[in-house]
Amino acid sequence: MKTKFLTAGLIAAMMVPAAAQAQNREIREDRRDVREEKRELRDAQRYGDRGDVREERRELRDARGDLRDSRQDWRQDRRYQNYRAPFKYQQFRVGATLRSNYYAPSYRPTWDSRWGVPRAGRNLTYVRHYNDLLLVNQRNGKVIRVYRNHFNWRR
């Protein structure tokens, strides 16, 4: 019985990077398509007639839309993963002290400018606690700032 769970866990762990890699490949291909469409638009503007230019603009617009959709899908998959910590959820408040296992490196997401929060300063780090984002002092574990439901997919 344990081997079945272990095997299923290993398969799932291997599939997540493969899915992310496929999405990255799709984004690269869409970027290449946009570059190609820009080049074709420039050629149509130099050597073609109005109909050619109009058609190339439409194709460029479509390629940009595909790229935008691919990026949006990638962000949603990355941001809205089903995240669960090995400990129970509790609402932390500013001034609360976290145990060191709550702000271990595995719970520190890499800062992203799209979050709409400032970079963590010196000796500060962001910690993900379920859908909440906490700004924590690394030295003493004090919570400096709480962003409730920051990773909620319904935002």
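All values reported here derive from a predicted model rather than from experimental measurement.

Here the focus is the overall build of the protein. Summing up its helical and strand segments, the protein has two helices and three strands in all. Going from the N terminus to the C terminus, the protein shows its helices and strands as α-α-β-β-β. Of the contacts made within the protein by residues no fewer than 6 positions apart, 48% connect residues no fewer than 24 positions apart. As displayed, the protein has an accessible area near 11,600 Å², and 47% of this comes from carbon and sulfur atoms.

In this section: the sheet that holds strand β3 (residues 143–147). The three strands are arranged β1-β2-β3 in an open sheet whose pairing can be described as antiparallel. The sheet terminates laterally at β1 (124–129) and β3, the two strands that pair on one side only. Within this sheet the neighbouring strands show an average axis-to-axis angle of 20 degrees, counted without direction.

Take the pairing of β1 next. Burial runs high along β1: five of the six residues are buried. Of the pairings in the sheet, the one linking β1 to strand β2 (residues 132–137) comprises six bridges and is antiparallel in character. When the sheet's bridge partners are listed, L124 is paired in β2 with N137. Taken together, β1 and the strand that follows it, β2, pair antiparallel across an intervening segment of two residues, in which Y130 is found at a positive phi of about 55 degrees.

What follows concerns the pattern of salt bridges. Using the criterion set out here, one finds two salt bridges in the structure. R148 is the partner of D132 in a salt bridge, and the nearest nitrogen-oxygen pair spans 3.7 Å. Remark: R148 occurs in the segment after β3 and D132 occurs in strand β2; sequence separation between them is 16 residues. Among the residues examined, R148 registers a relative accessible area of 34% and is labelled partly exposed.

As a further point, take the environment of G95. Within the secondary structure, G95 is located in the loop between α2 (50–79) and β1. Judged by its relative accessible area of 39%, G95 is partly exposed. Between the C-alpha atoms of G95 and K142, which are 47 residues apart in sequence, the distance is 5.6 Å. Look past the residues within four positions of G95 in its chain and what remains in contact with it is K142 and V143.

Looking now at a positive patch on the surface. A cluster of basic residues, R25, R28, R31, R35, K38, R39, R42, R46, R64 and R71, forms a positive patch at the surface. Elements that contribute at least two residues to the positive patch include exactly α1 (2–47) and α2. Within the fold, R39 resides in helix α1. A relative accessible area of 44% means that R39 is categorised as partly exposed.

Cut-offs applied
- Residues numbered from 1 in each chain as written.
- Predicted model: local features only at pLDDT ≥ 70, side-chain atom pairs only at ≥ 80, totals over all residues.
- Heavy atoms only, no water.
- Helix = DSSP H or I, 4+ residues; strand = E, 2+ residues; numbered from the N terminus.
- Contact = heavy atoms within 4.5 Å.
- Areas by Shrake-Rupley, 256 points an atom, 1.4 Å probe, with all protein chains shown as cover.
- Pairing = 2+ DSSP bridges.
- Axes fitted to C-alpha atoms, helices over the stretch in contact; angles between N-to-C directions.
- Buried < 20%, exposed > 50% of the residue type's maximum accessible area, 1.4 Å probe, protein only.
- Salt bridge = Lys/Arg side-chain N within 4 Å of Asp/Glu carboxyl O.
- Patch = residues over 30% accessible without salt bridge, like charges linked within 9 Å, V, L, I, M, F, W, Y side chains within 5 Å.
- Lys, Arg positive; Asp, Glu negative; His and termini not counted.
- Charge placed at Lys NZ, Arg CZ, Asp CG, Glu CD.

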